[in-house]
Amino acid sequence: MSISRKDVHYIAKLARVSLTETEEARLEKDLAEILDYVAKLNQVDTSNIEPTTHVLSLENIFRTDENRPSLQPAEVLRIAPKKSDGFVVVPLVIEGKGDA
Amino acid sequence: MRMKRRSEGPFYRIYNKHERGGRSEEGRRKLDVGRETWDDPLRESAMEYETVIGLEVHVQLLTRSKLFCGCSTLFGAQPNSQTCPVCLGLPGSLPVLNREAFRKAVKVGLALHGEISQVAKFDRKNYFYPDLPKNYQISQYDLPIARGGWLDVGFEGGPKRVRITRAHLEEDAGKLMHVGKGGSRVDFNRTGTPLLEIVSEPDISSPQEAALYLSELKAILLYLEVSDCNMEEGSLRCDANISVRRPGSKELGVKSELKNMNSFKAVERALEFEVSRHRRVLEEGGRLIQETRLWDERQAVTQPMRSKEEAHDYRYFPEPDLVPFRISQAEVDEIRSSLGELPRERLNRFQTEYELSAYDAGVLVSDKALSEFFEAVCRAVPRPKQVANWLTGPVLSEMNARHKTIRELGLKPEALAKLLMRIEDRTLTNTMAKEILPALIDSGKDPDEVVRGKGLKQVSDAGALEPVVEQVIRKNGQSVQDFLSGKERALGFLVGQVMKETGGKANPALAHQLLLKALAVKKGGAL
């Protein structure tokens, strides 16, 4: 399976990663090899096998609807790069987000 | 628990006969008959279009703690005071599902006639935005809580069935406030609050029908007690997909996705704006592009969201931190049995059992607590219609004037029942009872005590009324002459005068009877 330079750009953009040209070239090759390797799984006949999303044999791990102590606002704000009046401050966002 | 506040008012719009929903086939035909005179603001030319709408509703589930951690979901707390490593997405933290949120989601799925997934799982939806600290939202992709189902909306001419696509659980994002040049502020208190997203099929065919759908859905959610549905606090939010097409066309037109509508009215108005915008563009030979648009309430327009021209690619994948959730048929049955009576069922029952009009039943049913109050009063009072009139009239006025729910009003069903019985046994006139109502609410006392305290008691003793009747006849010679010369209406005026003289305390039927008797004597004398 091959992957184009355009795909590398697209994935890097989605992941908010900036790459040098050298890195792009290396990733183009690496990603193609990874995809080829994983594609081997397609050779296995899975027609009678239930899809697996988790490898642990665990199900239904719930908690009861009870409150537990939250962090102190000061502690939360301590790890924020910028803050003001108890809020975390981020670069200005004007547009609505493309999601609900 | 979320703080309770009075929601949008008691009218169940679905059942309000003054507001017609989407145009049914029949309705459309009726409109077509009068086409020349039909003034529809959406139709600026003879070209026919069909409107296709699908809604995505996000409802905050009423739980004490967040979806995956123990932080409080209380609205209005100090910013960033209800967060922890799990909802902030700090390294090393692990989410654990809130059982109550899961059960409430199943409850809604069942009430909407959906099929509950035997195995549900969670997935990561990846995107970058400052209100989403993990850079992914835990949501559900291919195995949601419920799939399929439907919702009946509208009333007159029979309900319209809108199919439901799915209902899935996800976590809410934080709250972003744009304050200007300095940057945007983020409050993460809301991050991780349980949301149920309910997606409809594109079965809705007008903005009005969309509003009816929302109103019906809200009523169901309130009856199930799974959410407070408070739009001002963001507990119920709605996005809409809308397109128009030529009738008979199989394919959907180019759609707009509308956001930022903060009330049912805003949803309706935004959709109306968008319908006419689509029609205008098409009629002018223009081309629509698929885009997300934001409703601007102040200017009453939708505007394209300024966003980069890249398709959303959320790269969903299974959430490895949450194992699958399997629900047994026994548990599904148990939750189903807890649904209780839903608004539409109650509406039908009120019409048959109490012989109420669709309108009265609709007003009562629009408020679950009010409909229960009604039934409690009816257990002690013989005429349900009278109870309905009192609740939809004076009691509702008091609720509105005081901005209180029926529970907050503090009026006990037993107290109202007793008051109405005092009308039945002629101790009070209807007018007197209405005058007493505010005092009854304020004092919380027994109605009889309030009546005594106010010195209000209907005068049903002929001996006490006769002198007043005589006096009224003496003072209103002209009206007496009018009556004697055949003007029946003059009698009503005289009864009114007796009521006035007694400060409303006279039993009107008795006053009427005594006046007739006295006038008959006069008539006899005149002859």
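Residues numbered from 1 in each chain as written. Chains lettered and ligands numbered in written order. Predicted model: local features only at pLDDT ≥ 70, side-chain atom pairs only at ≥ 80, totals over all residues.

Time to look at the overall build of chain A. On a plain count of helices and strands, chain A comes out with three helices and three strands. In terms of overall size, chain A is more extended than a compact globule, its C-alpha atoms giving a radius of gyration of 22 Å where 100 residues would be expected to give roughly 13 Å. Summarising its shape, the C-alpha atoms of chain A cover approximately 55 × 45 × 25 Å along the three principal directions. Looking at the 100 residues of chain A, the share that counts as buried comes to 8%. (Helix = DSSP H or I, 4+ residues; strand = E, 2+ residues; numbered from the N terminus. Rg over C-alpha atoms; globule rule 2.2 N^0.38 Å. Buried ≥ 20, exposed ≤ 12 C-beta atoms within 10 Å, placed from the backbone.)

In terms of helices and strands, chain B carries 17 helices and 18 strands. Expressed as a percentage of the 527 residues in chain B, the buried residues total 41%. Expressed as a percentage of contacts within chain B between residues at least 6 apart in sequence, the contacts between residues at least 24 apart total 71%. (Contact = placed C-beta atoms within 7 Å.)

Here the focus is unusual backbone geometry. Phi at N60 of chain A is positive, roughly 50 degrees, even though this residue is not glycine. Among the structural elements, N60 of chain A can be located in the loop between α2 (21-39) and β1 (62-63). Even without a glycine there, the phi angle at H403 of chain B is positive, about 50 degrees.

Residue and element names in this part refer to chain B. Among the nonpolar cores identified, the biggest contains 71 residues, and A105, A210, Y213 and V267 are the most heavily contacted of them. Not counting residues up to four positions away in its chain, the partners in contact with A105 are L61, I145, A167, L169 and L196. Membership of the second largest hydrophobic core comes to 34 residues, among which are F350, V387, M432 and V451. (Core = buried A, V, L, I, M, F, W, Y, C linked by C-beta atoms within 7 Å.)

Here we come to the sheet that holds strand β2 (residues 83-84) of chain A. Taken in spatial order, the four strands of this open sheet run β2(A)-β3(A)-β11(B)-β10(B), and their pairing is antiparallel. Strand pairing shows two members of the sheet lacking a second neighbour, β2 of chain A together with β10 (175-178) of chain B, which therefore form its edges. Bridge count for strand β3 (residues 87-90) of chain A against strand β11 (residues 184-187) of chain B is three bridges, and the pairing is antiparallel. Across the sheet, residue V89 of chain A finds its bridge partner in β11 of chain B, namely R185 of chain B. (Pairing = 2+ DSSP bridges.)

This paragraph deals with the interface of chain B and chain A. Counting from both sides, the interface comprises 51 residues of chain B and, opposite them, 38 residues of chain A. Taken together, the elements giving at least two residues each to the side of chain B that touches chain A come down to β1 (50-60), β2 (97-98), α2 (99-111), β10, β11, β14 (256-261), β15 (291-296) and β18 (325-326) of chain B. Counting residues per element, the side of chain B that touches chain A draws most heavily on β11 of chain B, which supplies four residues. Here β1 of chain A pairs with β2 of chain B via two bridges, running parallel. Bridge pairing in β2 of chain B links R63 of chain A to N98 of chain B.

A separate point is the confidence of the model for chain B. Residue and element names in this part refer to chain B. Within chain B, residue pLDDT values average 87, and 88% of them lie at 70 or more. Taken together, the stretch residues 1-11 has pLDDT below 50 and engages in 27 contacts with residues farther than four places along the chain or on a different chain. Note on residues 13-45: pLDDT is under 50 here. Beyond four places in sequence and across chains, it has 48 contacts. This prediction of the complex comes with two scores: 0.80 for pTM and 0.89 for ipTM. (pLDDT = per-residue confidence, 0-100.)

What follows concerns the packing of helix α7 (residues 358-365) of chain B against helix α9 (residues 384-402) of chain B. Residues and elements named next belong to chain B. Taken N-terminus to C-terminus, the directions of α7 and α9 make an angle of 60 degrees; their axes are 10 Å apart at the nearest point. What the angle tells us is that α7 and α9 run oblique. Judged by the sense of rotation from one axis to the other, the crossing of α7 with α9 is left-handed. From α7, D360, V363 and L364 reach across to α9, where they touch A388, L391 and T392. The class makeup of the residues in the contact of α7 with α9 is four nonpolar, one polar and one charged. (Axes fitted to C-alpha atoms, helices over the stretch in contact; angles between N-to-C directions. Parallel < 35°, antiparallel > 145°, perpendicular 65-115°, else oblique. Left-handed = near helix turned anticlockwise from the far one by under 90°. Nonpolar A, V, L, I, M, F, W, Y, C, P; charged D, E, K, R; others polar.)

All names here are of chain A. For chain A, mean pLDDT is 89; residues scoring 70 or higher make up 92% of the total. Averaged pLDDT values for the elements of chain A fall to 91 in helix α1 (residues 5-14) and rise to 98 in β1. Counting contacts from residues 96-100, a segment whose pLDDT is below 50, to residues more than four positions away or on other chains yields twelve contacts.

A few words on the domain arrangement of chain B. What the domain assignment lists for chain B is domain 1 (53-242 + 313-338), domain 2 (343-454) and domain 3 (462-526). Each of domain 1 of chain B and domain 3 of chain B has a C-alpha centre, and the two are 67 Å apart. (Domains from an automatic or database assignment.)

Turning next to the environment of G76 of chain B. Residues and elements named next belong to chain B. Here G76 is to be found in the loop between β1 and β2. Since 8 C-beta atoms lie within 10 Å of it, G76 is described here as exposed. Residues G76 and E233, spaced 157 residues apart in sequence, show a C-alpha to C-alpha distance of 8.7 Å.

All names here are of chain B. Reading across the sheet, the three strands line up as β6-β5-β17 and stay open at both edges, with antiparallel pairing between neighbours. Lying at the two open borders of the sheet, with one neighbouring strand each, are β6 (136-139) and β17 (317-318). Direction of pairing for strand β5 (residues 123-126) relative to β17: antiparallel, over a ladder of two bridges. Bridged to D123 within β17 is P318.

What follows is about helix α16 (residues 489-501) of chain B. Between its first and last C-alpha atoms α16 of chain B spans 19 Å; for 13 residues at 1.5 Å apiece the expected length is 18 Å, and the two agree. Remark: G503 of chain B follows α16 of chain B within two positions and exhibits a positive phi of approximately 60 degrees. (Expected span 1.5 Å × (residues − 1).)

Residues and elements named next belong to chain B. Two strands pair when backbone bridges link them, and β1 and strand β13 (residues 236-245) are joined in this way by ten bridges, in the antiparallel orientation. Among the inter-strand pairings, V52 is bridged to a residue of β13, identified as S243. Where β1 and strand β12 (residues 194-200) come together, five bridges link them in antiparallel fashion. Bridge pairing in β12 links V59 to L196.

Residue and element names in this part refer to chain B. Here helix α12 (residues 430-443) crosses helix α13 (residues 447-454) at 120 degrees, and the two axes come no closer than 10 Å. When the interaxial angle is binned, α12 and α13 end up oblique. Our pair here, α12 against α13, has a crossing hand that is right-handed. In this structure, α12 uses I436, A439, L440 and S443 to contact α13, whose residues at the interface are P447, V450, V451 and K454.

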